[in-house]
Amino acid sequence: MKKTLFLSALTLIGFLFIGCNNDDDNRTTEPKNEKPGNFTVQVTQITANSALLTWNAAVDPDKVQVTYTVFLGGNEVQANLGTTEFLLENLTGQTDYNGTVTASDGNGNTTENTFDFTTEEDEEEPIDGVSIAWEKSFGGSKIDMANSLQLTVDGGYIIAGTSDSDDGDVGGNNDAEGYLGGDFWIIKLSNSGDLVWETNLGGNSDEAGNSIQQTTDGGYIVVGMTDSNDQDINGDTSAADVWVIKLDGAGNLVWENNYGGESGDEANAVKQTVDGGYIVAGFTGSSDGDVEDNNGGLDYWILKLDSNGVLVWETTLGGSEFDIAKSIAQTSDGGYIVAGYSESPDGDVGGNYGERDYWVVKLDATGNLAWETNLGGSLDDYAYDIHQTSDQGYIVAGYSESSDFDVSNNYGNRDYWIVKLNTTGGITWEVNLGSSSVDGARSIQQTTDGGYIVAGSAGETDFDVSGSVNGGFLDYWVVKLTPEGELSWEISMGGPENDYATAIQQTNDGYIVSGYVSGPGGDISGSGKGLWDYWVVKLE
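Residue positions within a chain follow its written sequence, with the count starting from 1. With the structure being a predicted model, the display of local features is reserved for residues of pLDDT at least 70 and the display and counting of side-chain atom pairs for 80 or more, all residues being used for whole-chain, interface and lining totals. Remark: hydrogens and water are excluded; side-chain values derive from all non-hydrogen atoms of the structure.

Enquirer: Pulling in residues and values, what's your account of the overall build of the protein chain?
Expert: Helix numbering and strand numbering both begin at the N terminus, where a helix is a DSSP run of H or I of at least 4 residues and a strand a DSSP run of E of at least 2. Looking only at helices and strands, the protein chain features 1 helix and 35 strands. A radius of gyration in this sense is built from C-alpha atoms; the matching globule rule multiplies 2.2 Å by the number of residues raised to 0.38. Its C-alpha radius of gyration of 31 Å places the protein chain more than 25% over the 24 Å reference for a compact globule of 540 residues. For the protein chain, the C-alpha atoms occupy an extent of roughly 130 × 50 × 50 Å along the three principal directions. A buried classification covers 55% of the 540 residues belonging to the protein chain. Residues are treated as being in contact if the distance between any of their heavy atoms lies within 4.5 Å. Nonlocal contacts in the protein chain, meaning residues at least 24 apart in sequence, comprise 55% of its contacts between residues at least 6 apart. Exposure was quantified through the Shrake-Rupley algorithm and a 1.4 Å probe, taking into account, for residues, occlusion by the shown protein chains and nothing else. Of the roughly 22,300 Å² of accessible surface on the protein chain, a fraction of 46% belongs to carbon and sulfur atoms. Only protein chains enter the calculation, and the probe is 1.4 Å; a residue is then buried if its accessible area is under 20% of its type maximum, exposed if over 50%, and partly exposed in between.

Enquirer: For unusual backbone geometry, give the residues involved together with the corresponding values.
Expert: The backbone of Glu355 shows a phi angle near 55°, a positive value even though the residue is not glycine. Mapped onto the elements, Glu355 comes out in the loop between β22 (336–342) and β23 (357–363). Here the phi dihedral of Gln392 falls at roughly 75°; this positive angle occurs in a residue that is not glycine. Along the chain, Gln392 falls in the loop between β25 (381–388) and β26 (394–400). Residue classification places Gln392 among the partly exposed residues on the basis of a relative accessible area of 34%.

Enquirer: So what's going on with the side chain of Lys362? Which residues, and what values?
Expert: Along the chain, Lys362 turns up in strand β23. In terms of polar contacts, Lys362 uses its side chain to reach the side chain of Asp333, at 3.1 Å. Two N or O atoms form a polar contact when they lie within 3.5 Å of each other; inside protein one atom must be a possible hydrogen donor and the other a possible acceptor, and for residues adjacent in sequence the pair counts only when both atoms belong to side chains.

Enquirer: With reference to specific residues and values, describe the sheet that holds strand β4 (residues 75–81).
Expert: The 4 strands are arranged β4-β3-β6-β7 in an open sheet whose pairing can be described as antiparallel. Each having just a single partner strand, β4 and β7 (110–118) make up the two edges of the open sheet. Going across the sheet, the axis of each strand differs from the next one's by a mean of 20°, ignoring polarity. What makes two strands pair is DSSP finding at least two bridges between them. Relative to β4, strand β3 (residues 67–72) is paired through 4 bridges, and the arrangement is antiparallel. Residue pairing in the sheet places Tyr68 in a bridge with Leu81 of β4. Note on method: axes are straight lines fitted to C-alpha atoms, helices fitted across the in-contact stretch only, with angles between N-to-C directions ranging 0 to 180 degrees.

Enquirer: Residues and numbers for the sheet that holds β22, please.
Expert: An order of β21-β22-β23-β24 is seen for the 4 strands of this open sheet, with the pairing classed as antiparallel. Edge positions in the sheet fall to β21 (323–330) and β24 (369–375), since each has one partner strand and no second. Pairwise comparison of adjacent strand axes, ignoring direction, gives a mean angle of 20° for this sheet. The pairing of β23 with β24 spans 6 bridges and is classified as antiparallel. Across the sheet, Trp359 pairs through a bridge with Asn374, a residue of β24.

Enquirer: Explain the nonpolar core to me, and be specific about the residues and the numbers.
Expert: In terms of nonpolar packing, the biggest core is built from 19 residues, with Trp55, Tyr68, Val70, Leu88, Val101 and Phe115 touching the most fellow members. Sorting the residues of this core by element identifies β2 (51–55), β3, β5 (85–88), β6 (96–104) and β7 as the ones contributing at least two each. Those residues in contact with Phe115 that sit more than four places away from it in its chain are Val41, Val43, Leu53, Phe71, Leu72, Leu88, Tyr97, Asn98, Gly99, Thr100 and Val101. Residues Ile491, Tyr511, Val513 and Val517 belong to the second largest nonpolar core, which totals 18 residues. Within this scheme, the nonpolar core is defined by two criteria: the residues are buried Ala, Val, Leu, Ile, Met, Phe, Trp, Tyr or Cys, and they are joined through side-chain atoms within 4.5 Å.

Enquirer: Go over the pattern of salt bridges, please, and point to the residues and values.
Expert: Salt bridge criterion: a side-chain nitrogen from Lys or Arg within 4 Å of a carboxyl oxygen from Asp or Glu. Tallied over the entire structure, the rule returns 11 salt bridges. Here Lys188 ties to Asp154 by a salt bridge, and the two come within 3.1 Å at their closest N and O atoms. Highlighted residues: Lys188 in strand β11 (residues 183–189) and Asp154 in the loop between β9 (144–151) and β10 (157–163), separated in sequence by 34 residues. Accessibility expressed as a relative area gives 56% for Asp154, which makes it exposed. Between Lys538 and Asp509 there is a salt bridge, and its shortest N-O distance comes to 2.8 Å. Taken together, the residues span a long stretch of sequence, with Lys538 in strand β35 (residues 533–539) and Asp509 in the loop between β33 (499–507) and β34 (510–517) at a distance of 29 residues. Where salt bridges share partners, they join Glu343, Arg356 and Asp380 into one cluster.

Enquirer: Quick rundown of the pairing of β34? Include the residues and the values.
Expert: The buried fraction of β34 amounts to 8 of the 8 residues, a majority that puts the element mostly inside the structure. The pairing of β33 with β34 spans 8 bridges and is classified as antiparallel. Counterpart to Asp499 in the pairing with β34 is Val517. Between β33 and β34, which pair antiparallel and follow one another directly, the connecting turn spans 2 residues. In the sheet, β34 pairs with β35 via 7 bridges, with the strands oriented antiparallel. Residue Val513 lies in a different strand from β35, and its bridge partner there is Val537.

Enquirer: Could you give me a rundown of the environment of Tyr382, with the residues and numbers involved?
Expert: Take Tyr382: it is sitting in strand β25. For the pair Tyr382 and Asn352, spaced 30 residues apart in sequence, the C-alpha to C-alpha distance is 13 Å. Aside from chain neighbours lying at most four places away, what touches Tyr382 is Lys326, Tyr341, Arg356, Tyr358, Gly398 and Tyr399.

Enquirer: Go over the environment of Gly319 with me, naming the residues and quoting the values.
Expert: With respect to the secondary-structure elements, Gly319 resides in the loop between β20 (311–317) and β21. As for Gly319 and Glu120, which are separated by 199 residues in sequence, their C-alpha atoms are 55 Å apart. Look past the residues within four positions of Gly319 in its chain and what remains in contact with it is Asn295, Gly296, Asp299, Ser344, Asp346, Gly347 and Val349.

So yeah, pure geometry; function would need other evidence.
Pasting the structure below:
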């Protein structure tokens, strides 16, 4: 009996022992305080003054957050990065650099990898005599788009556009909390591109600044659109209205006025006239309020204001479809030349080749229609800018998708389309320029040698577009033409994202270009303050 009990006890002890051993054998050992996994560092978008570092994430086996520290030549330049990229700035051209990126789990464990690169030359290689003298970006953390540029009498530059930001270079924003809109944003730059002053103007809804010009008193006239009726806007806006503001030389608001009716109205261009007043061009969908008549859809809307912004006269021009004026200039006879696009085949519009056409309108000094002409082909043709030339004719720039009727050629999708007109609107010559992708001219000016400088965007590097489109879909593209419209030189500039040039002016030693970009990288040395930034480039 005792022997049986003894064996049973041994059996039980053995079972427990075996069970314990099985538990040890099946237990999963969790890693304890292991270092982050391996990663590799790449150096991309190297310029003379910057280089972009990117790396794949280092995964930590302990499942803790990994941060990164960047060392350049043994010196720490940035710690506790939560992202997997870093832009090295303020570098020296044609210099060898090396460094380390260290991944840390915060518990004393690190993994590192090295990088090395050589920066490019300090100055861009000239392309047929033109190169980047300097470039600068301005903006905040949101969307900032420059639409208009003018030289100022002190040798600097004035730029107008639209900003959603209230940080960075932008001093404030008038939009209601949580509202995604914008204000007029005006910046004054010195001759070397330094920010002299900036101002934002608007209300708690949406504003868009489209055109600016320095006035004879040293101040500025700015036009665009407002959907607000508070803060800087005193008038009542039942819908979007034309908004005109007058600033003094330091950017202070002198007066403002809004014009329009019950439907959508917007101004796209303004010029001071020889009598000290202003001529404004845009579009209207209204037929009430300040708008006497409407032909259907949207019409060109031309407003003549006196020096205090009081409406002297207004006229609508167009047909039954959408007609939008983008540019206006006073002509040597005291009248006005206007360009934009028309979808109409009727009303004031003499014809339509298909979809949109360039529509050029000549008015007398009191706004009466002197002549009009539609230009284009069977696809989409959109004029952005027009000026009277030294021979009393006109130069027009925009884009064309066509290759028939008035358009002699097309490389694919959209091309720059430049048209030289005589004094009565007849075509003297026309030329398309571009690549096999999406190209569009936004600004043109006759130069002192009788030729033309054009700015816009190009989407590919073939046909007329050489150089490098810097990894993005679109780059700034600047083109110089002879007086006969032949290509003299061209240059593309930009970064890895889309870049849109909207304005260009000749200076006494080159050209100044402005627009908006999503930098940094490539030719854009700025830190990339937000979704879009103003980008200003001086060419010499």
